[in-house]
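# Coordinate analysis (summary)
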Amino acid sequence: MSMFTDGLVSDIRKRQREWESSLRSDIGDKEYPYHIYTPVDIEKYDFFGQLGFPGEYPFTRGVGYYPGSNRRRLSHHWDRSGHYAGYGTAEDSRDLWRREGRRGAFIAFDLPTQLGYDSDDPLARGEVGRVGVAVDSLKDFETLFEAFDGVVTLDQMSTNLIVSAPYNVILAMYIALAEKKGISPARLQGTPHNDILKEYMARATYVFPPEPSMRMIRDSITYQAKHTPKLDIMQIQGSQIRGAGATAAQMVAFTYADAIAYAHLAVEAGVDVDDFIAQVSIGNFTGSMDFFLEIARARAARRIWARIAKEKLGAKRPANWALRPGVRADTGSPGRYSLTKQRPLNNIARGVIASVAAALAGEPPSGGDPWDEALQLGHSYEARQLAVDAARIIEHEAKLCDVIDPLAGSYFLEALTDKFEAEVWEILDKIESMGGMVAAIKDGYPQREISRNAYEYQKDLDTGKRAIVGVTRFTGPREIEVLVQRTLDHPYDPQRKATAEERQVAKLKTLRQERDNGRVNSILKQIKTAAHEEEENLIPHFVDAVKSYATVGEICGVLREVFGEFRPPSMV
């Protein structure tokens, strides 16, 4: 049912032509610098089919308000337990978390761990403990979680494992740790990444080719559905795809194409699609400084997912039609590529703008990433405080969360939302025509698209076409570099960080001397045999291996022998 009569639209269209003709006579051949939208741009708009009410299909207006439930509060508290962190050795991160009084683990792993290498591997040299905590074995996991002894038990906390390629090995460590502490794995809760298809497009922390990697995902799905029902299987997220250079539409389309591939895999493995969707989080889309586009993007993304889940995947539960972003709702983030090292305090303004867009789109405002995101690994406490306070001001002082989807019905915003949705569906249709996301990745399609857009973005920066204050514009000698006086020490001890690799390698050497190497080698042979059996789930073998203190690198090394390693296709 259209919101406007044909007669009204016809009258507006006629009057708009007259207005444009009059304007042309005033400005001549000059380009009119503004855009105007009218009911003509949304003349066929269907209120119930495209907009509706918050908490109801198609969820354009938000998913956080359900009939009969309490209103979701968007209050923001400075809770250090939920901040993504990890550095150095397990001892270093443990001590940091103890000092901060954390009640949950949101673990940043270092690159060698994410890529399935041990800390003493020559390829790990110079990277151990740099961008996260080094975890080689269950011994490191045991040490890391000493941070919570006497505070909370594993089943009372949320653990977020931010790792993909070797996720099943890390999961095995978490299960082994729980069993050693007398806690049933069925009571564990949290959200891992485990989104391997995204790695081929964005972060490049993949190990194996797509087919064996999807087998590992299948193992996660079937094992966790049975043994760890409270622990999410994966977080299918788009923020890193956007950070790699994707457009907003590509970010949403590629993320949903990943989700569709995983859902089909679950169904083929005998898991009900509703049960699968309920055990994953999907979204985590970062924004940009394009204010209205990001509001439209958030609204369109919710509507697109609702239609995918209901119509394409056949989900029956309405709760599964609603987008569940998981660990953090990144809509309120300006996107890490939008933050600048030059004049970094300007990042506070960028975070506020992105958070206002989130609030107007029906998402919780995060205050943006801390302003020093672009400067270092690990945000300062001062920067975290300012980000959280920004979100509090947006909600409690400006009251921007009191009205749900306040821009609904705007001619411009509804037209922009529809346009964005159409762009996403076009990309999804192309991927489907290629045989799905795995086939598209093997062809290199999403990688090429992201690389092409990243190149164009960088070219616009280099030529000054794209305005970034303090970087491409307003950089003259009279501009001032505003600095900040820190009052607290940085969370990451620089001395510990500098010596992390040496200490970690020494620990690993001791571990290999003290464990039962005969048992380790026997289990690794069992893993190699099982890896050749396509239908066998490897996670039980991983649990046995890590209990014997086999390392991440040793287990992944065996899998490399069977599965091989992924080599990216040509980007030309």
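What counts as what
- Sequence order as written defines the numbering, with residues in each chain counted from 1.
- The predicted origin of the model limits local features to residues at a pLDDT of at least 70 and limits the giving and counting of side-chain atom pairs to 80 or more, whereas totals for whole chains, interfaces and linings rest on all residues.
- To get the side-chain values, all heavy atoms of the structure are used, and hydrogens and water are removed first.
- Secondary structure follows DSSP: runs of H or I at least 4 residues long count as helices, runs of E at least 2 residues long count as strands, and numbering of each begins at the N terminus.
- When we talk radius of gyration, it's over C-alpha atoms, and the globule rule is simply 2.2 Å times the number of residues to the 0.38.
- Working definition: with a 1.4 Å probe on protein chains only, accessible area under 20% of the residue-type maximum means buried, over 50% means exposed, and in between means partly exposed.
- Each aromatic pair joins two rings of Phe, Tyr and Trp (for Trp, the six-membered one) with centres within 6.5 Å, and gets the label stacked for planes under 30 degrees apart, edge-to-face for over 60, and tilted for any other angle.
- Throughout this description, the term charge over a ring refers to an Arg CZ or Lys NZ atom that lies within 6 Å of the ring centre and within 35 degrees of the ring normal.
- Criterion for a salt bridge: a side-chain nitrogen of Lys or Arg within 4 Å of a carboxyl oxygen of Asp or Glu.
- Per-residue confidence from the predictor is reported as pLDDT, which spans 0 to 100.
- We call two residues in contact when some of their heavy atoms are within 4.5 Å.
- Multiplying 1.5 Å by the residue count of a helix minus one yields the expected span of that helix.
- Within 3.5 Å is the distance limit for a polar contact, defined as a pair of N or O atoms, with the added protein rule that one can donate a hydrogen and the other accept it, and that residues adjacent in sequence qualify only through two side-chain atoms.
- The term nonpolar core refers to a set of buried residues drawn from Ala, Val, Leu, Ile, Met, Phe, Trp, Tyr and Cys, joined through side-chain atoms within 4.5 Å.
- To get the bend at any residue, fit one axis to the seven residues that end at it and another to the seven that begin at it, then take the angle between the two axes.
- Each axis is a line fitted through C-alpha atoms, taken for helices only over the stretch in contact, and angles between the N-to-C directions span 0 to 180 degrees.
- An angle below 35 degrees is read as roughly parallel, one above 145 as roughly antiparallel, one from 65 to 115 as roughly perpendicular, and any other as oblique.
- When residues are grouped by polarity, Ala, Val, Leu, Ile, Met, Phe, Trp, Tyr, Cys and Pro land in nonpolar, Asp, Glu, Lys and Arg in charged, and all others, Gly among them, in polar.

## Observations concerning the overall build of the protein
Within the protein, the regular secondary structure consists of 21 helices and four strands. At 25 Å, the protein has a C-alpha radius of gyration in line with the 25 Å of a compact globule built from 572 residues. Over its C-alpha atoms, taken along the principal directions, the protein stretches across nearly 90 × 60 × 55 Å. By the burial criterion, 54% of the 572 residues in the protein qualify as buried.

## Let's talk about the packing of aromatic side chains
Within this structure, the stated rule accounts for 20 aromatic pairs. The interplanar angle of 50 degrees and the centroid separation of 5.2 Å between the aromatic rings of tyrosine 84 and phenylalanine 106 together place this pair among those described as tilted. Here tyrosine 84 is found in the loop between helix H2 (47-51) and helix H3 (90-100), whereas its partner phenylalanine 106 is found in strand S1 (residues 105-108), with 22 residues between them in sequence. For tyrosine 84, a relative accessible area of 36% corresponds to the partly exposed category. Here phenylalanine 254 and tyrosine 445 contribute two aromatic rings whose centre-to-centre distance is 6.1 Å and whose plane-to-plane angle is 85 degrees, an arrangement assigned as edge-to-face. With phenylalanine 254 in helix H10 (residues 248-268) and tyrosine 445 in helix H17 (residues 445-463), the pair connects residues that are 191 residues apart, well separated along the chain. Residues phenylalanine 254 and tyrosine 445 agree in their burial class; the two are buried. Taken together, the ring pairs in this structure connect Trp97, Phe141, Phe145, Phe148 and Tyr174 into an aromatic cluster. The ring centre of tyrosine 549 lies 5.1 Å from the NZ or CZ of lysine 139, which sits over that ring. One residue, arginine 560, lies across the ring of tyrosine 117, its end atom 4.2 Å from the ring centre.

## Focus: the pattern of salt bridges
Tallying each qualifying case throughout the model produces 44 salt bridges. Linking arginine 384 and glutamate 100 is a salt bridge whose minimum nitrogen-to-oxygen distance equals 3.9 Å. A residue pair is termed long-range when its members are at least 10 positions apart, and arginine 384 in helix H14 (residues 381-397) and glutamate 100 in helix H3 qualify at 284 residues. Assigned by exposure class, arginine 384 and glutamate 100 land together as buried. As a salt-bridge pair, glutamate 423 and lysine 419 come within 2.8 Å of each other at their nearest N and O atoms. Taken together, the positions of glutamate 423 and lysine 419, both in helix H15 (residues 411-433) and four residues apart, correspond to about one turn of that helix.

## Observations regarding the confidence of the model for the protein
Overall, the prediction assigns the protein a mean pLDDT of 90, with 92% of residues at 70 or greater. Segment residues 65-81: pLDDT under 50, and 47 contacts once partners within four positions in sequence are set aside and those in other chains are kept.

## What about helix H12 (residues 291-312)?
Here H12 spans 30 Å end to end across 22 residues, near enough to the 32 Å set by a 1.5 Å rise per residue. Here H12 lies mainly inside the structure; 16 of its 22 residues are buried. The positive-phi residue at the C-terminal boundary of H12 is glycine 314, with phi of around 80 degrees.

## Some thoughts on the environment of arginine 203
With respect to the element layout, arginine 203 can be found in the loop between helix H7 (196-201) and helix H8 (210-227). You can call arginine 203 partly exposed: its relative accessible area is 26%. Side chain to side chain, arginine 203 and glutamate 199 meet in a polar contact 3.3 Å long. Of note is the side chain of arginine 203, whose polar atom sits 3.0 Å from the side chain of threonine 205.

## Details of the nonpolar core
Phe141, Phe145, Leu197, Tyr256, Phe276, Trp305 and Met437 are the most contacted members of the largest nonpolar core, which totals 125 residues. In terms of residue count, the dominant contributor to this core is H10 (15 residues).

## Regarding the environment of tyrosine 117
Its location among the elements puts tyrosine 117 in the loop between helix H4 (111-114) and helix H5 (138-144). Take tyrosine 117: its relative accessible area is 18%, and that puts it in the buried class. It is 50 Å that separates the C-alpha atoms of tyrosine 117 and alanine 408, two residues lying 291 residues apart in sequence. Here tyrosine 117 is in contact with Pro112, Leu123, Asp136, Gly553, Arg560 and Glu565, once residues within four sequence places are set aside. Within the structure, tyrosine 117 has its side chain in polar contact with the side chain of arginine 560 (distance 3.4 Å).

## With respect to helix H18 (residues 494-514)
Taking 1.5 Å per residue, 21 residues should reach 30 Å; H18 reaches 30 Å between its end C-alpha atoms and fits that length. The largest bend in H18 is about 50 degrees, located at alanine 500. Considered for burial, the residues of H18 that qualify are Lys497, Ala500, Gln504, Leu508 and Leu511. Looking at the buried side of H18, the elements it contacts are H3 and H5. Capping the start of H18, aspartate 493 holds a side-chain oxygen 2.8 Å from the backbone nitrogen of glutamine 495, two or three residues further along.

## So, the packing of H3 against H18
Packed helix pairs are specified by the crossing angle of their axes together with the interaxial distance, meaning the distance between the axes. In the contact formed by H3 and H18, the axes pass within 9 Å of each other and the chain directions differ by 130 degrees. By the angle class used here, H3 and H18 are oblique. Contacts from Ala90, Glu91, Asp92 and Asp95 in H3 reach Arg496, Ala500, Arg503 and Lys507 in H18. Here the contact of H3 with H18 is built from residues that sort into two nonpolar, no polar and six charged.

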